[in-house]
Amino acid sequence: GLFKLFMPVDSVLFVYFPAIIYLAIFILGIYLFLKNSLCESFGNNILLCALTAVVIADSGYIMFFNTPYTEGAFISFLALCAGAFMAFGNTNKKLYLIISGIFACLIGALGINFAFSGLLIAFAFLYFVKNKGALVKILSVVMSVLVICSSLFGFTVDKSSDTNRYNRIFYGILNVAEN
């Protein structure tokens with residue numbers, strides 16, 4: 001329904017639709033990150049905002065948003081996950097912990113390329129176990145287990161189609177292999 005609203009009738013693949021969604025998630029993540037990481041020092045705030053502007057202005061990241069590859073999803077999900085982590089650390093609202101857990105699960109399930117990132121984020125959830133209340137401890141452990149499970153799923157996703165297999169054999173490193 002929503003896809004047909006943005007997709008022209010004569011188009012086969014409208015890549016701008018996922019780009020709009022990825023960009024919205026990315027901007028929300030950057031906003032949460034900056035809002036919760038600004039400090040008292042004016043110089044540090046200027047430096048942090050300048051570094052963030054360099055990251056946002058890098059066209060290499062933004063160009064991934066309108067491709068069919070998973071890097072655009074990874075960049076935007078990671079930005080929102082980091083922003084939600086920072087927001088939870090400052091406000092202690094459990095909603096931010098759940099949001100970061102959902103997007104960390106999505107990062108882990110994106111595929112074998114990003115499954116290790118999901119595992120690292122799963123260990124970051126365990127940081128909140130030592131200093132927070134009982135509900136946050138339980139929620140952190142549950143989110144960590146869910147992220148580990150989604151990352152294990154990411155390891156099992158088989159992206160080796162016949163075309164990829166053909167390209168690896170005849171154009172890749174397997175071209176010079178004996179067997």
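Here, every reference points to the structure presented above.
Colleague: Help me understand the overall build of the protein in this model?
Modeller: The secondary structure content of the protein amounts to nine helices and zero strands. Listed by position from the N terminus, the elements making up the protein come as α-α-α-α-α-α-α-α-α. Residue pairs in contact within the protein that sit at least 24 positions apart in sequence constitute 64% of those at least 6 positions apart. Total accessible area on the protein is roughly 11,300 Å²; 71% of this is exposed by carbon and sulfur atoms.

Colleague: Just to check I follow, could you spell out the side chain of serine 140 for this structure?
Modeller: Within the secondary structure, serine 140 sits in helix H8 (residues 134-156). Looking at serine 140, the relative accessible area reads 0%, which means it is buried. Not counting the four nearest positions on each side in its chain, serine 140 is found in contact with Leu97, Phe125, Phe128 and Val129.

Colleague: Help me understand the packing of helix H2 (residues 16-37) against helix H5 (residues 71-91), please; the structure alone is not making it clear to me.
Modeller: In a packed pair of helices, the relevant descriptors are the angle between the two axes and the axis-to-axis distance. Here H2 crosses H5 at 30 degrees, and the two axes come no closer than 7 Å. By the criterion of interaxial angle, the relationship of H2 to H5 is roughly parallel. Here H2 runs over H5; the crossing is left-handed. For the contact of H2 with H5, the residue count by class is 16 nonpolar, eight polar and no charged.

Colleague: Quick question: what am I supposed to make of the nonpolar core here?
Modeller: In a soluble, globular protein the nonpolar side chains are often hidden away together inside. Ranked by internal contacts, the top residues of the largest apolar core, which has 33 residues, are Phe77, Cys81, Leu97, Ile107, Ile121 and Phe125. Broken down by secondary-structure element, the contributors of at least two residues to this core are H2, H5, helix H6 (94-109), helix H7 (115-125) and H8. Element by element, the count of residues in this core is highest for H5, at 10 residues.

Colleague: What exactly am I supposed to notice about the packing of aromatic side chains here?
Modeller: Two descriptors summarise a pair of aromatic rings, namely the distance from one centre to the other and the angle between the planes of the rings. A full pass over the atoms with the stated rule returns four aromatic pairs. For the ring pair phenylalanine 85 and phenylalanine 125, a centre distance of 4.9 Å and an interplane angle of 50 degrees mean the geometry is tilted. Placement of the pair is phenylalanine 85 in helix H5 and phenylalanine 125 in helix H7, with a sequence separation of 40 residues. Here phenylalanine 85 matches phenylalanine 125 in class, with each residue buried.

Colleague: Could you clarify how one ought to interpret a nonpolar patch on the surface in this entry?
Modeller: A surface patch of nonpolar side chains, amounting to about 340 Å² of accessible area, comprises Phe123, Leu126, Val141 and Val145. Counting through the fold element by element, phenylalanine 123 comes out in helix H7.

Colleague: Whenever I open this one, H2 confuses me. Can you help?
Modeller: Think of an α-helix as turning once every 3.6 residues; residues three or four places apart then point the same way. For H2, which comprises 22 residues, the first-to-last C-alpha distance of 31 Å matches the rise-based estimate of 32 Å (1.5 Å per residue) to within 8%. Turning to H2, its buried residues are Phe17, Ala19, Tyr22, Ile25, Phe26, Gly29, Ile30, Leu32, Leu34, Asn36 and Ser37.

Reading the values: the criteria
Residues numbered from 1 in each chain as written. Predicted model: local features only at pLDDT ≥ 70, side-chain atom pairs only at ≥ 80, totals over all residues. Heavy atoms only, no water. Helix = DSSP H or I, 4+ residues; strand = E, 2+ residues; numbered from the N terminus. Contact = heavy atoms within 4.5 Å. Areas by Shrake-Rupley, 256 points an atom, 1.4 Å probe, with all protein chains shown as cover. Buried < 20%, exposed > 50% of the residue type's maximum accessible area, 1.4 Å probe, protein only. Axes fitted to C-alpha atoms, helices over the stretch in contact; angles between N-to-C directions. Parallel < 35°, antiparallel > 145°, perpendicular 65-115°, else oblique. Left-handed = near helix turned anticlockwise from the far one by under 90°. Nonpolar A, V, L, I, M, F, W, Y, C, P; charged D, E, K, R; others polar. Core = buried A, V, L, I, M, F, W, Y, C linked by side-chain atoms within 4.5 Å. Phe/Tyr/Trp six-rings, centres within 6.5 Å; stacked < 30°, edge-to-face > 60°. Patch = residues over 30% accessible without salt bridge, like charges linked within 9 Å, V, L, I, M, F, W, Y side chains within 5 Å. Salt bridge = Lys/Arg side-chain N within 4 Å of Asp/Glu carboxyl O. Expected span 1.5 Å × (residues − 1).

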